[in-house]
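Survey of secondary and tertiary structure
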Protein chains: 2
Amino acid sequence: MEQNKIPQATAKRLPLYYRFLNNLNQQGKKRVSSKELSEAVKVDSATIRRDFSYFGALGKKGYGYNVEYLLGFFRSTLDHHEITEVALVGAGNLGTAFLKYSFMKNNNIRITKAFDADSNKVGTDIDGVPVYHIDELNEKLEGTRVAILTVPASEADVITEKLVNEGVNGILNFTPARITVPNHVRVHHIDLAVELQSLVYFLKHYPLDKE
Amino acid sequence: MEQNKIPQATAKRLPLYYRFLNNLNQQGKKRVSSKELSEAVKVDSATIRRDFSYFGALGKKGYGYNVEYLLGFFRSTLDHHEITEVALVGAGNLGTAFLKYSFMKNNNIRITKAFDADSNKVGTDIDGVPVYHIDELNEKLEGTRVAILTVPASEADVITEKLVNEGVNGILNFTPARITVPNHVRVHHIDLAVELQSLVYFLKHYPLDKE
DNA sequence: AATAATTTGTGAAAAATATCACGACATTTT
DNA sequence: AAAATGTCGTGATATTTTTCACAAATTATT
Ligand SMILES: NC(=O)c1ccc[n+]([C@@H]2O[C@H](COP(=O)([O-])OP(=O)(O)OC[C@H]3O[C@@H](n4cnc5c(N)ncnc54)[C@H](O)[C@@H]3O)[C@@H](O)[C@H]2O)c1
Ligand SMILES: NC(=O)c1ccc[n+]([C@@H]2O[C@H](COP(=O)([O-])OP(=O)(O)OC[C@H]3O[C@@H](n4cnc5c(N)ncnc54)[C@H](O)[C@@H]3O)[C@@H](O)[C@H]2O)c1
């Protein structure tokens, strides 16, 4: 499984770097410095250089980085040649927004199937993605290992257990419930209410520079 | 502005604690230990105790924490008595999902107005929230200082500038663009594509325990 | 009343992350 | 060809965050 020496903080920034490099490449830019990149992605330039350095010497002193080369490097590092299929569970307000959004642009990830319990939704297509009944997980999951969870919080634990039983080992959880999973399953929580509240908290309690 | 000695990592967890304490309280629970809380929110119990300790000695040795007391404490710390109004800009797929979601439960934050450029949307109500034209920011913002940004990435910078000019100093940015703001404005980015990609990256490169 | 079991709060240590600052080298300019 | 400029890669340092581990206090049990 390669050298997992790369700090987690770095790993989280990789997709961000990748996207901006892709933008630059499409704009026809040939070279970029850590300083420029820093301004674009709002990450300190020393941090960017440090991040890149975990993968070896990718740049050239006095010049910067070759966009195309760096992009190719990240493409393979982020496994952008192979496509990862993702299932979405809970095609409600939030889930539907995700289904309608094409994550695919510059991206190797595709939501290819959705599951819901509502019979009005089951059997329909949302932007080309078929919606199956949650009881069909077993037949329709077909080896998909990653799921986006957008069901009501009260259902989160039950659905999680089902998903894990069917072999899912990665869950992006949008419900406010902190779900319990076995050790071999990784969960990332995105808690929108908490994000909003903590932003407000920071505004009130952490004064910023007066410009 | 009180003692901003509280670590940022702690501040980010406060709304999470608050929500779970609220749940416990509604369930009629009178006391809770850092260990129980830890299992519920998936944060190490020592971290929880440390977090709480920044606010003084809130618990009792051998007993734990009194739910009601702790809840009251957090309510005032998180300013849960006063309501913060938030504006949403870009009532598209994602924006509409937010408008339909009641953040209000257990929460002091309310999305009270939305702005869009689409004339089909302007003038309508989405779940009771009026949608105004983006050109009406000046008249309709009425002192709102926090905004959720769910416009297309290409519009992000222009809209941000407008918002900042109108006095907004906190932005929750869902666009993939890393927006540029003056020092006195705080931006939190939620980059859903990055979250999904980094989850997939971790799954491939960071082997987990085999249970 | 004595003993056992809990559980906090926190010093101290460890781990993770970010930043500084500069030598080395490449490019660009004069 | 020399000088000036730009930029990386990284050792060292600083900062932030997490975790360990235990005395002290409280509660529960016998
Ligand atoms: N919408 C938001 O802005 C928002 C913000 C923060 C958090 N969330 C969280 O995201 C989750 C989804 O929110 P939403 O607004 O889309 O809710 P929603 O009610 O619109 O959608 C939930 C969907 O899950 C489906 N569902 C219910 N039980 C199910 C089951 N057992 N199996 C499969 N599907 C089932 C419902 O039919 C519905 O389509 C919730 O947990 C919510 O707390 C949403
Ligand atoms: N939908 C998702 O799942 C998802 C996921 C990740 C990121 N995002 C990002 O979130 C943002 C919104 O996504 P979406 O799917 O809701 O897009 P959308 O196109 O459905 O919504 C965008 C809305 O912004 C409005 N708009 C356009 N220009 C405007 C302007 N100048 N002023 C005010 N309003 C304007 C449009 O009328 C539309 O209603 C995008 O930046 C997208 O990249 C969305």
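Sequence order as written defines the numbering, with residues in each chain counted from 1. Chains carry letters from A onward and ligands carry numbers from 1 onward, assigned in written order. Local features in this predicted model are restricted to residues of pLDDT 70 or higher, and side-chain atom pairs are both shown and tallied only at a pLDDT of 80 or more, whereas totals for entire chains, interfaces and linings draw on every residue. The side-chain quantities take in all heavy atoms of the structure and omit both hydrogens and water.

An unreviewed UniProt entry lists chain A under the name Redox-sensing transcriptional repressor Rex, with Oceanobacillus halophilus given as the organism. The record held by UniProt for chain A lists under Subcellular location (unreviewed entry) the comment "Cytoplasm". Turning to chain A, the UniProt annotation filed under Sequence similarities (unreviewed entry) states: "Belongs to the transcriptional regulatory Rex family." UniProt positions are given in the numbering used here, feature names are shortened, and annotations may be inferred rather than shown by experiment.

1. Quick notes on helix α4 (residues 67-77) of chain B
Residues and elements named next belong to chain B. The complete set of buried residues in α4 reads Val-67, Leu-70, Leu-71, Phe-74 and Thr-77. Buried residues along α4 cover an arc of 125° about the axis, so they all sit on one side. Contacts described as polar in this section are N or O atom pairs within 3.5 Å, which, within protein, must combine one atom able to donate a hydrogen with one able to accept it, while residues neighboring in sequence count only if both atoms come from side chains. Only DSSP runs of H or I reaching four residues or more are called helices, and only runs of E reaching two or more are called strands; each is numbered from the N terminus. Looking at where α4 begins, the residue whose side-chain oxygen comes 3.0 Å from the main-chain nitrogen of Glu-68 is Asn-66. Three labels apply to residues, based on accessible area from a 1.4 Å probe with only protein chains included: buried if under 20% of the type maximum, exposed if over 50%, partly exposed otherwise in between. An arc is given here, and it is the one of the directions from the helix axis to the C-beta atoms.

2. Some remarks on the site of ligand 2
If a single non-hydrogen atom of a residue is within 4 Å of a molecule or strand, that residue counts as near it. Tyr-101 of chain A together with Leu-94, Asp-116, Lys-121 and Val-151 of chain B are the nearest of the 23 residues found near ligand 2. The environment around ligand 2 is built from residues contributed by chains A and B. Separating an oxygen atom of ligand 2 from a backbone N or O atom of Asn-93 of chain B is a distance of 2.9 Å. Val-151 of chain B places a polar main-chain atom, nitrogen or oxygen, 2.6 Å from an oxygen atom of ligand 2. Considered on its own, ligand 2 offers 810 Å² of accessible surface; in the complex 84% of this is hidden by protein. Grouping the amino acids of the shell around ligand 2 by side-chain chemistry returns 14 nonpolar, 5 polar and 4 charged. All accessible-area figures derive from a Shrake-Rupley calculation using a 1.4 Å probe, and residue coverage is judged against the displayed protein chains alone. Under the scheme applied here, ten amino acids are nonpolar (Ala, Val, Leu, Ile, Met, Phe, Trp, Tyr, Cys and Pro), four are charged (Asp, Glu, Lys and Arg), and all others, including Gly, are polar.

3. Focus: the nonpolar core
Within the largest apolar cluster, 50 residues are counted, with the highest numbers of intra-cluster contacts made by Phe-98 and Ile-148 of chain A together with Phe-98 and Ile-148 of chain B. Residues are treated as being in contact if the distance between any of their heavy atoms lies within 4.5 Å. Not counting the four nearest positions on each side in its chain, Ile-148 of chain B is found in contact with Leu-196 of chain A together with Val-86, Ala-87, Leu-88, Val-89, Phe-98, Ile-111, Leu-172 and Phe-174 of chain B. Here, nonpolar core means buried Ala, Val, Leu, Ile, Met, Phe, Trp, Tyr and Cys residues that are tied together by side-chain atoms lying within 4.5 Å of each other.

4. Observations regarding the protein's contact with DNA strand D
Contacts to DNA strand D come from 27 residues, most closely from Ser-34, Arg-50, Gly-59 and Tyr-65 of chain A together with Arg-13 of chain B. Taking all atoms of DNA strand D within 4 Å of the protein, the share assigned to sugar and phosphate is 60%. Within the contact set of DNA strand D, a base oxygen lies 2.5 Å away from a side-chain nitrogen or oxygen of Arg-50 of chain A. In the model, a phosphate oxygen of DNA strand D is placed 2.8 Å from a nitrogen or oxygen of the Tyr-65 of chain A side chain. At the level of elements, α3 (45-53) of chain A together with α1 (8-26) and α3 (45-53) of chain B are the ones that each hand at least two residues to the surface near DNA strand D. Residue composition of the surface near DNA strand D, by class: 7 nonpolar, 9 polar and 11 charged.

5. A closer look at the pattern of salt bridges
Salt bridges are defined as contacts in which a side-chain nitrogen from Lys or Arg sits within 4 Å of a carboxyl oxygen from Asp or Glu. Applying the stated criterion across every chain, the model contains 15 salt bridges over all chains. The closest approach of N and O atoms between Glu-36 of chain A and Lys-29 of chain A, which form a salt bridge, is 2.8 Å. Take Glu-36 of chain A: its relative accessible area is 35%, and that puts it in the partly exposed class. By relative accessible area, Lys-29 of chain A is classed as partly exposed at 31%. Salt-bridge contacts for Asp-191 of chain A lead to Arg-19 of chain B; the nearest nitrogen and oxygen are separated by 2.3 Å. Of this pair, Asp-191 of chain A sits in the loop between β9 (186-189) and α8 (192-205) while Arg-19 of chain B is found in helix α1, placing the two residues in two different chains. You'll find Asp-191 of chain A and Arg-19 of chain B in the same group, each marked buried. A single salt-bridge network, built from bridges that share partners, covers Arg-19 of chain A together with Arg-178 and Asp-191 of chain B.

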